[in-house]
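Structural characterization, general
Here are the chains, one letter per residue:
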Amino acid sequence: MDVYRIQGGRVLQGETRIYGAKNAALPILAASLMVRGVTRLHDVPNLQDVQVMLEILQRLGARAEWIEPGTVEIDATNVSSTDVPEDLMQRMRSSIFLMGPLLARFGDVRLSKPGGCVIGQRPIDYHLRGIRQLGAKVEEQHGFIRCTSHRLYGNLLSLDFPSVGATENLMMAAALADGETIIENAAREPEIVDLARFLNACGAKIRGAGEHRIVISGVHHLHDGEHTVIPDRIVTGTLLMAAAITGGEVVLRNADANHLLAVLGKLQESGLRVYSEHDIITCKRADAIRPVDMRTEPYPGFPTDLQAPFMSMLTLAKGTSILRENVFEARFKHVDELLRMGADIRVDMRTAVIRGVSRLSGATVEASDLRGGAALVVAALAAEGETEIRGLRHIDRGYESLHQQLAQLGASIERFELNC
């Protein structure tokens, strides 16, 4: 078991580059199965979830390999199976993205139902209802889902909630359907726009991505394509919060401020000075951290994935902050570990009240989920003494060599193998 050991109190300074977004790369990798030919993707992060997705593609019969750091090439010409391996499906919930592409190209897909999620319920009802409305037959039996269709047909789809996963899955399925599909109340996240750009580069006809209404005119096939994945806005936000809690000044390159307007607004409200120009974001904390009230919302609101690191930053604010989690019902699992470090936080259902303290203390803590793990790292950077963080398998799902990136900015952080 690997652990992080962090000596807190170092001020972060310097610059680093933001790599491609995990939440954009995964659906694009799934969409590469729709291409009868070669797909080349740049700025793909080398993460645990990405490795699992590449293994799934290989097991389905595609050639999927790294040709250089950050660049992946997929040839799905000879895909021979539409049965997603259960062992890999259970390792990554995002493999549900394979439903739309495989059904669209082959008219058949079988996969196991994704298991529970530690941060709350993630039902796939919207995915299945939309797939049925496109003309597929859906059978659910013994923990598996089988979708079949001789041909998909365009339809008007309306989502009860702007689900990112459902929007992406239905957009991919509709790209090869006969006729026109309209998705109403679609999610608007930048990752959806990036997926649409990739599909359009391969011959799809999608317009309106990034808006509440997406229109897809089906085509018969997709051709070879090349695409660069957008920067990871969640990694960007995490590093900004790490700089803020340590009182540092950092420069982030290959960052898109337009994807983080709600976050940057709250950071400025907390006392962080933020400047952006082209693909560079510079931040500096001018004074003490000020308390902030915030609630998570679907994009363009404050992202739920940054709620936990933001909470860590606010543990040292001069006053009381209130955070409301509106997306996932169980996304405060990191709170108990922050309490071990000396934070003053009280949780009532989906609301957390954070009373700022004068200092945090190093402790042995464990990450129970991806973003909660990032929150513990942020807190440890400012804590007095040494913090040992366990459960790095969660952090590795969404951050590529986080310890190296933080060390580049001056943090005292090392990764060790713990002998049990």
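Here the structure is a predicted model, which is why all the values come from computation and not from measurement.

Thresholds, definitions, all that
- The numbering scheme is per chain: residues are counted from 1 as the chain's sequence reads.
- Where local features are concerned, this predicted model is filtered to residues with pLDDT of at least 70; where side-chain atom pairs are given and counted, the filter is 80 or more; whole-chain, interface and lining totals use all residues.
- Hydrogens and water molecules were not included; the side-chain quantities draw on all heavy atoms of the structure.
- We call two strands paired when DSSP finds no fewer than two bridges between them.
- Here a strand is any run of E in DSSP of at least two residues, a helix any run of H or I of at least four, and the numbering for each starts at the N terminus.
- Axis definition: a line fitted to C-alpha atoms, limited for helices to the stretch in contact. Angles are taken between N-to-C directions and run from 0 to 180 degrees.
- Here a residue-residue contact requires only that any non-hydrogen atoms of the pair lie within 4.5 Å.
- For every residue, the accessible area obtained with a 1.4 Å probe (protein chains only) is divided by the maximum for its type, and the residue is called buried under 20%, exposed over 50%, and partly exposed between those limits.
- When an angle is under 35 degrees it counts as roughly parallel; over 145 it counts as roughly antiparallel; between 65 and 115 it counts as roughly perpendicular; any other value is oblique.
- Classification used: nonpolar for Ala, Val, Leu, Ile, Met, Phe, Trp, Tyr, Cys and Pro, charged for Asp, Glu, Lys and Arg, polar for all others including Gly.
- Ring pairs are drawn from Phe, Tyr and Trp, using the six-membered ring of Trp, whenever the two centres fall within 6.5 Å, and their geometry is named by plane angle: stacked under 30 degrees, edge-to-face over 60, tilted for the rest.
- Should the NZ of a Lys or the CZ of an Arg lie within 6 Å of a ring centre and within 35 degrees of the ring normal, that charge is described as sitting over the ring.
- pLDDT measures the predictor's confidence residue by residue and takes values from 0 up to 100.
- By salt bridge we mean one thing: a side-chain nitrogen of Lys or Arg within 4 Å of a carboxyl oxygen of Asp or Glu.

Further remarks concern the sheet that holds strand β18 (residues 320-324). Consider a sheet: its strands pair through backbone hydrogen bonds, and that pairing is either parallel or antiparallel. Spatially, the 4 strands line up as an open sheet ordered β17-β18-β20-β19, and their pairing is mixed. Looking at the sheet topology across the chains shown, the edges are occupied by β17 (293-295) and β19 (344-348). Strand-to-strand twist of the sheet, defined as the mean angle between neighbouring strand axes without regard to direction, takes the value 15°. The pairing of β18 with strand β20 (residues 351-355) spans 5 bridges and is antiparallel. Across the sheet, residue Leu 323 finds its bridge partner in β20, namely Ala 352. Docked against the sheet, helix α10 (residues 307-314) engages β17, β18, β19 and β20, running at close to 170° with respect to β18.

Relative to the elements of secondary structure, Pro 300 occurs in the loop between β17 and α10. Setting aside residues no more than four positions away along its own chain, Pro 300 makes contact with Arg 188 and Ala 262.

Let us now look at the sheet that holds strand β21 (residues 364-366). Strand order in the open sheet formed by 4 strands is β21-β22-β1-β23, and the pairing between neighbours is mixed. Each of the sheet's edge strands pairs with one partner strand only, and the pair in question is β21 and β23 (412-417). Going across the sheet, the axis of each strand differs from the next one's by a mean of 25°, ignoring polarity. In terms of strand pairing, β21 meets strand β22 (residues 386-390) through 3 bridges, oriented parallel. Bridge pairing in β22 places Glu 366 opposite Arg 390.

Relative to the helices and strands, His 334 is located in the loop between β18 and α11 (335-340). Apart from residues lying up to four places away in sequence, His 334 is in contact with Gln 307, Ala 308, Met 311, Gly 372, Ala 375 and Leu 376.

A word on unusual backbone geometry. Here Tyr 299 and Pro 300 are connected by a cis peptide whose omega angle stands at 15°. For Asn 254, which is not a glycine, the phi torsion comes out positive at approximately 55°. Inspection of the secondary structure puts Asn 254 in the loop between β14 (249-253) and α9 (261-269). The backbone of His 278 sits at a positive phi, close to 55°, despite the residue not being glycine. Within the element layout of this structure, His 278 appears in the loop between β15 (272-277) and β16 (280-285). Owing to a relative accessible area of 78%, His 278 belongs among the exposed residues under this scheme.

This part covers the packing of helix α8 (residues 233-246) against α10. Two packed helices can be described by the angle between their axes and the distance between those axes. Two elements in contact, α8 and α10, have axes whose closest approach is 9 Å; the angle formed by their N-to-C orientations is 5°. The orientation of α8 relative to α10 falls into the category roughly parallel. When α8 is examined against α10, the residues Thr 238, Met 241, Ala 244 and Ile 245 are found in contact with a partner set consisting of Pro 309, Phe 310, Ser 312 and Met 313. Looking at the contact of α8 with α10 residue by residue, the classes come out as 6 nonpolar, 2 polar and no charged.

Moving on, we get to the packing of aromatic side chains. Under the defined criterion, the tally for this structure stands at 1 aromatic pair. Ring centres 5.1 Å apart and planes at 45° place the aromatic pair Phe 302 and Phe 310 in the tilted group. A residue is classified by how much of its surface remains accessible, and Phe 310, at 0% relative accessible area, is buried. Across the ring face of Phe 416, the terminal group of Arg 5 is positioned such that the distance to the ring centre comes to 4.8 Å. The ring of Phe 144 carries Arg 110 above its face, with NZ or CZ at 3.9 Å from the centroid.

Of the residues in the protein, 98% have a pLDDT of 70 or more, and the chain-wide mean is 95. Every residue in residues 116-121 is under pLDDT 50, and counting partners more than four places away or in other chains gives 16 contacts.

Our next topic: the pattern of salt bridges. With the rule as written, the count across this model stands at 26 salt bridges. Salt-bridge contacts for Arg 415 lead to Asp 2; the nearest nitrogen and oxygen are separated by 2.9 Å. Here Asp 2 lies in strand β1 (residues 2-7) and Arg 415 lies in strand β23, a separation of 413 residues in the sequence. Here Asp 2 falls in the partly exposed class, since its relative accessible area comes to 28%.

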